[in-house]
Amino acid sequence: EAGLKTKNLSFQPRKPWHGQNNPSEAQESEFGLDAAQQLCEALDKRDITGVVAANDATARVLIEELQRRNVSVRLWPSIVGFDGEDFVSDSLLSSLRLPWEEAGAAAA
């Protein structure tokens with residue numbers, strides 16, 4: 001709606017997810033690292049201003065990769081994750097906590 005170009009701005013891990021419903025934290029990190037590396041490689045080539053991560057764990061992997069590559073914080077995209085993890089208050093990440101417990105109780 002804002003007229004911004006969005007073609008080719010979706011980054012997915014190159015390694016197949018294989019439909020795992022409950023991946024371990026290590027598996028989430030592995031998949032997140034692959035997407036983070038792709039995104040960091042693209043930062044120089046594209047005008048990426050924001051990232052919506054699948055969850056806070058994958059957002060953390062992106063932040064760690066940006067730091068590992070010594071990317072200036074001024075060049076970081078805005079990063080949004082989900083889950084409201086405790087580490088979020090110490091990083092440059094906005095996190096949304098979805099009320100799953102309350103939703104489940106209301107549904108029950």
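Residues numbered from 1 in each chain as written. Predicted model: local features only at pLDDT ≥ 70, side-chain atom pairs only at ≥ 80, totals over all residues. Heavy atoms only, no water.

Draft legend 1. Spotlight on the overall build of the protein. Secondary structure assignment for the protein yields three helices and three strands. When the helices and strands of the protein are read in sequence order from the N terminus, they spell out α-β-α-β-β-α. Sequence separation of at least 24 residues holds for 53% of the intrachain contacts in the protein that already meet a minimum separation of 6. Here the protein has roughly 7800 Å² of accessible surface; of this, 50% comes from carbon and sulfur atoms. (Helix = DSSP H or I, 4+ residues; strand = E, 2+ residues; numbered from the N terminus. Contact = heavy atoms within 4.5 Å. Areas by Shrake-Rupley, 256 points an atom, 1.4 Å probe, with all protein chains shown as cover.)

Draft legend 2. Structural context of the sheet that holds strand β1 (residues 50-52). Within the open sheet, the three strands sit side by side as β1-β2-β3. Their pairing is parallel. Each end of this open sheet is capped by a strand with a single partner; those strands are β1 and β3 (94-96). Across the sheet, the mean angle separating the axes of adjacent strands is 20° when strand polarity is ignored. Note: β1 against strand β2 (residues 78-82), three bridges, orientation parallel. Looking at β2, one finds that Val51 is bridged to Ile79. Packing of helix α2 (residues 56-68) onto the sheet brings it into contact with β1, β2 and β3, and relative to β2 it is tilted by some 150°. (Pairing = 2+ DSSP bridges. Axes fitted to C-alpha atoms, helices over the stretch in contact; angles between N-to-C directions.)

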